[in-house]
Amino acid sequence: PSPGGVPLFASPRPGVLYLQMGALDRNTSAIVAQGLRERGYLSFVAPGPSEKIYRVLVGPFANQEEYKRAKRETDVIDVNDIAHAALTKRALARSN
């Protein structure tokens, strides 16, 4: 089951607050969203501005205070580190 009942690929609800963690290609977006889920964040991949770019979103948030708290927490997360760690983990799994 997906965290919070949200599939990894979903569309955000209109009028609801989300925090965008990145705009990346489809595969990297999925890796980053999954990495954020493993860190306890409700995250998913949403359509982006083009067919090749997808947004990684965290949320939804009920109010500005929840949004601001999540923003402070996630400001220290580097999405490149998440992607690199996931790719390293996969490579190690394949070599065993």
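Quick caveat: nothing in here was measured; it's all calculated off a predicted structure.

> What exactly am I supposed to notice about helix 1 (residues 26-38) here?
Spacing of three or four residues puts side chains on the same side of an α-helix, whose turn is 3.6 residues. With 13 residues, helix 1 extends 18 Å between its outermost C-alpha atoms, agreeing within 8% with the 18 Å of an ideal straight helix rising 1.5 Å per residue. On its buried face, helix 1 sits against strand 1 (17-24), strand 2 (43-50), strand 3 (53-61) and helix 3 (79-95). For helix 1, the N-terminal cap is Asp 25; the gap from its side-chain oxygen to the backbone nitrogen of Asn 27 is 3.1 Å. Positive phi shows up at Gly 40, right after helix 1, with a value of about 95 degrees.

> What should I look at first to understand the confidence of the model for the protein chain in this one?
The predicted coordinates should not be examined in detail at positions where pLDDT is low. Overall, the predicted model of the protein chain reaches an average pLDDT of 90, with 96% of residues at or above 70. Taken element by element, the predicted model of the protein chain shows its lowest mean pLDDT in helix 3 (80) and its highest in strand 3 (97).

> Looking at this structure, how should I read the packing of aromatic side chains?
This structure, assessed with the given rule, holds two aromatic pairs. Here Tyr 18 and Phe 44 contribute two aromatic rings whose centre-to-centre distance is 5.6 Å and whose plane-to-plane angle is 80 degrees, an arrangement assigned as edge-to-face. Note that Tyr 18 is positioned in strand 1 and Phe 44 in strand 2, a separation of 26 residues in sequence. Both residues of the pair, Tyr 18 and Phe 44, count as buried. With a centroid separation of 6.0 Å and 85 degrees between ring planes, the pair formed by Phe 61 and Tyr 67 is classed as edge-to-face.

> Would you explain the sheet that holds strand 3 in this entry?
Adjacent strands of a sheet form backbone hydrogen bonds with each other and so pair up, either parallel or antiparallel. The three strands are arranged 1-3-2 in an open sheet whose pairing can be described as antiparallel. Of all strands in the sheet, those bounded by a partner on one side alone are strand 1 and strand 2. The sheet shows a mean angle of 35 degrees between the axes of neighbouring strands, taken without regard to direction. In the sheet, strand 2 pairs with strand 3 via six bridges, with the strands oriented antiparallel. Within strand 3, the residue paired with Val 45 across the bridge is Val 56. Its contacts with the sheet put helix 1 on strand 1, strand 2 and strand 3, and the angle it makes with strand 2 is roughly 150 degrees.

> Explain the layout of surface pockets here, please?
Where empty space is left can be seen by rolling a probe of water-molecule size over the atoms. Roughly 180 Å³ of internal volume is contained in the largest pocket. Around the largest pocket, the lining residues are Ile 31, Gln 34, Gly 35, Glu 38, Arg 39, Ile 82, Ala 85, Ala 86, Lys 89 and Arg 90. With five residues, helix 3 is the single largest residue contributor to the lining of the largest pocket. Split by residue class, the lining of the largest pocket holds four nonpolar, two polar and four charged.

So, how was this worked out
Residues numbered from 1 in each chain as written. Predicted model: local features only at pLDDT ≥ 70, side-chain atom pairs only at ≥ 80, totals over all residues. Heavy atoms only, no water. Helix = DSSP H or I, 4+ residues; strand = E, 2+ residues; numbered from the N terminus. Expected span 1.5 Å × (residues − 1). Contact = heavy atoms within 4.5 Å. Polar contact = N/O pair within 3.5 Å; in protein donor to acceptor, adjacent residues only side chain to side chain. pLDDT = per-residue confidence, 0-100. Phe/Tyr/Trp six-rings, centres within 6.5 Å; stacked < 30°, edge-to-face > 60°. Buried < 20%, exposed > 50% of the residue type's maximum accessible area, 1.4 Å probe, protein only. Pairing = 2+ DSSP bridges. Axes fitted to C-alpha atoms, helices over the stretch in contact; angles between N-to-C directions. 1 Å grid on protein atoms, 1.4 Å probe; cavity = no way out; pocket = protein on both sides within 12 Å on 5 of 7 lines; lining within 4 Å. Points joined across faces, edges and corners; volume = space filled by probe spheres on them. Nonpolar A, V, L, I, M, F, W, Y, C, P; charged D, E, K, R; others polar.

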